[in-house]
Amino acid sequence: MTVETHETAVHPPMTVDVVVPVKDDAALLRRCLRSLRAQHTGPASIIVVDNGSRDRADVAAIAERYCAVLIDEPMPGIPAANAAGFDHATATVVARLDADCVPPPDWLTRITEAFATDPELEALTGPAVFIDGPRPLRAPLAGLYLGAYRLFVGAALAQVPIFGSNCAIRRETWEQIAETVHREDAELHDDLDVSAHLGLHRRVRYDRSLKMGISMRPFTDAGSLALRMRRGWTTLRVHWPEDLPAVRWLQRSTRLRSGPPGAIRR
């Protein structure tokens, strides 16, 4: 597929690299990469980050089949794998999803247009729908799962949190926070951690139209969901006391009162 770029007389061409962390998910990775290659706007590159897969040979074969760049990150944990992929990216914008995700064909088009038309936008995120599991439960569980994440994490950070399975960040913004993110602790949620490091002064937007298909695996057993909740709490605590919710809300309030229009980015 030909890579499309969006360019105006003022702004340079807009390109998007896609990062896909993977561990022991070769079969689902194939489906994900097939969907990325079917995008209306092609990615500049797809960066698959293998995080110690037992099926690495299969991962490598699938990455080659879909012309993806394969890099290895031996440090265990999604934070390390995600950071390695973002470090490797060279495009204007770096998009991120998981190996079990299936993006709709217009996913990269929407990301490209969002950043091309809003020069101040530094991070973008959107909702998701479950694409497996009992059909009657897909919509309500997705609403519960992602709604709770946006509500509680948004309240804790006093800002829009990015959702790791469906997000994009300007590469220059990543370069500004790359040395501060917690990439060595496998017990942290990378998206929550990156959200905290984006800070209150950067423009982060939630786009309801930027949809993503995800797996219902968080609800496959109580242990999996409990693990995710524990990691979320741990991720918040590593930023305390400097980023206690009360502190961040006070900072937000101060910016709203004293800053110029647009000082608080949403």
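Residues numbered from 1 in each chain as written. Predicted model: local features only at pLDDT ≥ 70, side-chain atom pairs only at ≥ 80, totals over all residues. Heavy atoms only, no water.

Visitor: Quick rundown of the pattern of salt bridges? Include the residues and the values.
Guide: Counted under the stated rule, the structure contains 14 salt bridges. With its nearest N and O atoms 3.3 Å apart, the salt bridge here joins R54 to D24. Taken together, the residues span a long stretch of sequence, with R54 in the loop between β2 (45-50) and α2 (56-65) and D24 in the loop between β1 (16-22) and α1 (26-37) at a distance of 30 residues. Under the relative-accessibility criterion, R54 is labelled exposed at 75%. One salt-bridge network, held together by shared partners, links D25, D100 and R217. (Salt bridge = Lys/Arg side-chain N within 4 Å of Asp/Glu carboxyl O. Helix = DSSP H or I, 4+ residues; strand = E, 2+ residues; numbered from the N terminus. Buried < 20%, exposed > 50% of the residue type's maximum accessible area, 1.4 Å probe, protein only.)

Visitor: An account of the sheet that holds β2 is needed here, citing residue identities and associated values.
Guide: Whenever strands of a sheet pair, they do so through backbone hydrogen bonds, lying parallel or antiparallel. Within the open sheet, the seven strands sit side by side as β3-β2-β1-β4-β7-β5-β8. Their pairing is mixed. Only two strands of the sheet have a single partner each, and these edge strands are β3 (69-72) and β8 (203-206). For this sheet, the mean angle separating the axes of adjacent strands, direction not counted, is 25 degrees. The strands touched by helix α4 (residues 107-117) within the sheet are β1, β4 (93-96), β5 (121-125), β7 (167-170) and β8, with β5 carrying the most contacts at an inclination of about 155 degrees. (Pairing = 2+ DSSP bridges. Axes fitted to C-alpha atoms, helices over the stretch in contact; angles between N-to-C directions. Contact = heavy atoms within 4.5 Å.)

Visitor: Describe the side chain of S35, and please don't skip the residues or the numbers.
Guide: As for its placement among the helices and strands, S35 is situated in helix α1. Not counting chain neighbours up to four residues away, the residues in contact with S35 comprise V102 and P103.

Visitor: Help me get a handle on the environment of V94, residues and values and all.
Guide: Relative to the elements of secondary structure, V94 occurs in strand β4. Sequence separation between V94 and Y66 is 28 residues; the distance between their C-alpha atoms is 18 Å. Filtering out sequence-adjacent residues up to four positions away, V94 remains in contact with D17, V19, F86, A89, C167, A168, I169 and R171.

Visitor: Lay out the packing of helix α5 (residues 135-157) against helix α9 (residues 245-258) in plain terms, naming residues and giving numbers.
Guide: Each pair of packed helices gets described by two things: the angle between the helix axes and the distance between those axes. Taken N-terminus to C-terminus, the directions of α5 and α9 make an angle of 70 degrees; their axes are 6 Å apart at the nearest point. The angle between α5 and α9 falls in the class roughly perpendicular. Across the interface between the two elements, G154, A155, A156 and L157 from α5 touch P245, R248 and W249 from α9. The class makeup of the residues in the contact of α5 with α9 is five nonpolar, one polar and one charged. (Parallel < 35°, antiparallel > 145°, perpendicular 65-115°, else oblique. Nonpolar A, V, L, I, M, F, W, Y, C, P; charged D, E, K, R; others polar.)

Visitor: Outline the packing of aromatic side chains, supporting the account with residue identities and numerical values.
Guide: Taken as a whole and assessed by the stated rule, the structure comprises four aromatic pairs. Geometrically, the ring pair formed by W233 and W240 is edge-to-face, given 5.4 Å between the ring centres and 85 degrees between the ring planes. With a relative accessible area of 45%, W233 lands in the partly exposed category. Take W240: its relative accessible area is 26%, and that puts it in the partly exposed class. The ring of Y66 has R65 sitting right over it, with the charged end atom 4.9 Å from the ring centre. Sitting over the face of the ring of Y206, R150 holds its NZ or CZ atom 3.6 Å from the ring centroid. (Phe/Tyr/Trp six-rings, centres within 6.5 Å; stacked < 30°, edge-to-face > 60°. Lys NZ or Arg CZ within 6 Å of the ring centre and 35° of its normal.)

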